[in-house]
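What follows is each chain in one-letter form.
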Amino acid sequence: MVQTRAKLTVYFEDPFWVGLYERWEDGRVEVCKITFGAEPKDYQVYERMLAGWDRLRFGPPVAGEDPADDRRVNPKRMQRVIRRALEGRGSGTKAQQALQLQREAGKKERRTSTRQQREAQRERQFALRREKRREKHRGH
């Protein structure tokens, strides 16, 4: 049976509020970063997730252990964990690694597309120069 877990962390990353959506499935994590802008209300976050679910761009899956345990956690320990999470530490290391992989994949994609555009532009320029040369040789 495939177990899927999801976690949304909203934190302030100067100058915007950012949501980090982690999706755990079969020991692999996929991450998506959502920029909110101003501090979002709970209903705004919920609406954004429902309305924009199909537009979320998740990064490539990264192997990692699911941090959620099914065992009972000491309440004081839970308070410490929550306090640390609210101190502004932001995302976990696996999520940061997944975001970095997503950035690198986008960078590579942009590089290939700009290279193709540049080559196409050079081909067009060359074709124009060739046509001009042929016109000059035709005579009047």
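Structure first, text after, so check above.
Just so we're clear, the structure is a prediction, and the values are computed from it rather than from any experiment.

Asks: Outline the environment of Lys33, supporting the account with residue identities and numerical values.
Replies: Take Lys33: it is sitting in strand 3 (residues 28-37). Distance in space between the C-alpha atoms of Lys33 and Leu56 is 8.4 Å, their sequence separation being 23 residues. Not counting the four nearest positions on each side in its chain, Lys33 is found in contact with Glu13, Val18, Gly19 and Leu99.

Asks: Would you mind going over the pattern of salt bridges in detail, with residue names and values included?
Replies: In this structure the tally under the stated criterion is three salt bridges. Linking Arg122 and Glu119 is a salt bridge whose minimum nitrogen-to-oxygen distance equals 3.1 Å. Linking Arg122 with Glu119, this pair stays in helix 3 (residues 93-138), spanning three residues, or about one helical turn. The exposure class assigned to Glu119 is partly exposed, which follows from its relative accessible area of 37%. The salt bridge involving Glu131 is made with Arg134; its shortest N-O contact spans 3.6 Å. You can see Glu131 and its partner Arg134 sitting in helix 3, three residues apart, about one turn around the helix.

Asks: Talk me through the pairing of strand 1 (residues 4-13); I want residue IDs and the actual numbers.
Replies: Working note: regular strand, side chains alternate between the two faces of the sheet. Sheet topology places strand 1 next to strand 2 (residues 16-25); 10 bridges connect them, and they run antiparallel. Note that in strand 2 the partner of Glu13 across the bridge is Phe16. Taken together, strand 1 and the strand that follows it, strand 2, pair antiparallel across an intervening segment of two residues.

Asks: Describe a nonpolar patch on the surface, naming the residues involved and giving the relevant values.
Replies: On the surface, Val73, Met78, Val81, Ile82 and Leu86 cluster together to form a nonpolar patch covering roughly 450 Å² of accessible area. With respect to the element layout, Val81 can be found in helix 2 (residues 75-89). By relative accessible area, Val81 is classed as partly exposed at 46%.

Thresholds applied
Residues numbered from 1 in each chain as written. Predicted model: local features only at pLDDT ≥ 70, side-chain atom pairs only at ≥ 80, totals over all residues. Heavy atoms only, no water. Helix = DSSP H or I, 4+ residues; strand = E, 2+ residues; numbered from the N terminus. Contact = heavy atoms within 4.5 Å. Salt bridge = Lys/Arg side-chain N within 4 Å of Asp/Glu carboxyl O. Buried < 20%, exposed > 50% of the residue type's maximum accessible area, 1.4 Å probe, protein only. Pairing = 2+ DSSP bridges. Patch = residues over 30% accessible without salt bridge, like charges linked within 9 Å, V, L, I, M, F, W, Y side chains within 5 Å. Areas by Shrake-Rupley, 256 points an atom, 1.4 Å probe, with all protein chains shown as cover.

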